[in-house]
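Structural description and commentary
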Amino acid sequence: IDLRDNHQVPVHGIGVQGHIGGSGINGRTQQFFKECFDIQFNHSSEKWGCYLGVEKKVDYVFFGDSHSVSYITLIDKLANKHGVSIFYTGAFGCLPFIGAYPLNRIDQRENDCKLLSDRVFNFSRENNLKGIILAARWSFYIAKSKDRKSQLITEDITQPSSSEQSINAFINTFHNTVKAYNSID
């Protein structure tokens, strides 16, 4: 199935509010989680994700933060059913938008979110994909309160960020991500 209109790559977003944890993860999802997600140095290492669906040239990329894990088994089943191949990668607290820098993350040397987003984009461009699926807990990156944890983001790592600046960075990097993927011929 070729979903492109005018040879542009569609960007599909999945929002999720809940989170699978502990006993909520089935065996197949746990296997994908261990083999595919939050791989150390995923922004630069040879192993940086895994393939879902059928074994052939990649049709789609599935990229997200930890909330994307809850969709792995479903997307694998659908990909197999429809004969498509999907490359999956992601990392905890990494917004799957081009140009978004997470603040207050001490693990950026091991899992650099901005470089991972760039890598996913370059992989998508080089493989002439039919589309990309982005999944995240979107509110995690824009809402900071006493009751909820959040991961504020910025477009400029040298500048401090507030909730308002994180919202602006979210909007800007979302638009830039859609524009970048739509520019792929």
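Before any of the text, the structure's been laid out above.
Here is what the cut-offs are and how they apply
- Residues numbered from 1 in each chain as written.
- Predicted model: local features only at pLDDT ≥ 70, side-chain atom pairs only at ≥ 80, totals over all residues.
- Heavy atoms only, no water.
- Phe/Tyr/Trp six-rings, centres within 6.5 Å; stacked < 30°, edge-to-face > 60°.
- Helix = DSSP H or I, 4+ residues; strand = E, 2+ residues; numbered from the N terminus.
- Buried < 20%, exposed > 50% of the residue type's maximum accessible area, 1.4 Å probe, protein only.
- Lys NZ or Arg CZ within 6 Å of the ring centre and 35° of its normal.
- Disulfide = S-S within 2.5 Å.
- Arc of directions from axis to C-beta.

Turning next to the packing of aromatic side chains. Under the criterion given, the structure shown has 11 aromatic pairs. Ring centres of Tyr51 and Phe87 lie 5.1 Å apart, and the angle between their planes is 65 degrees; this geometry places the pair in the edge-to-face category. Of this pair, Tyr51 sits in strand β2 (residues 50-53) while Phe87 sits in strand β4 (residues 85-90), and the two are 36 residues apart along the sequence. Here the aromatic rings of Phe121 and Tyr181 are separated by 5.2 Å at their centres, their planes lie at 75 degrees, and the arrangement is edge-to-face. With Phe121 in helix α3 (residues 113-126) and Tyr181 in helix α4 (residues 163-182), the pair connects residues that are 60 residues apart, well separated along the chain. Considered together, Phe121 and Tyr181 belong to a single accessibility category, that of buried residues. Pairwise contacts between aromatic rings join Trp48, Tyr51, Phe87 and Phe123 into one cluster. Here Arg119 stacks its cationic end above the ring of Trp48, 4.1 Å away from the centre of that ring.

With respect to the helices and strands, the residue Gly49 is situated in the loop between α1 (27-36) and β2. For Gly49, a relative accessible area of 9% puts it in the buried group. On a C-alpha basis, the gap between Gly49 and Tyr88 in space is 5.5 Å, while along the polypeptide they are 39 residues apart.

With that settled, consider the state of the cysteines. Linking two cysteines covalently via their sulfur atoms produces the bond known as a disulfide. Summed over all chains, the structure comprises two disulfides. Disulfide pairing places Cys36 opposite Cys50 at an S-S distance of 1.7 Å. Linking Cys36 and Cys50, the disulfide has an S-S dihedral of approximately 95 degrees and is accordingly described as right-handed. Remark: Cys50 occurs in strand β2 and Cys36 occurs in helix α1; sequence separation between them is 14 residues. Residue class for Cys36 comes out buried when judged on its relative accessible area of 1%. For Cys50, a relative accessible area of 9% corresponds to the buried category. Through a disulfide, Cys94 is tied to Cys113; the S-S separation comes to 1.8 Å. Taking the torsion about the S-S bond as the criterion, the Cys94 to Cys113 disulfide, at about -65 degrees, is left-handed. Of this pair, Cys94 sits in the loop between β4 and β5 (101-102) while Cys113 sits in helix α3, placing them 19 residues apart in sequence.

Another aspect to go through is helix α2 (residues 72-82). Residues lying three or four places apart along an α-helix face the same way, a consequence of the helix completing one turn every 3.6 residues. Buried within α2 are the following residues: Ile72, Thr73, Ile75, Asp76 and Ala79. An end-on view of α2 places all buried positions within 165 degrees of arc, on one side of the element. Opposite the buried face of α2, by more than 90 degrees, sit the exposed residues Lys77 and Lys81. Following α2 by one or two positions, Gly83 has its phi on the positive side, about 70 degrees.

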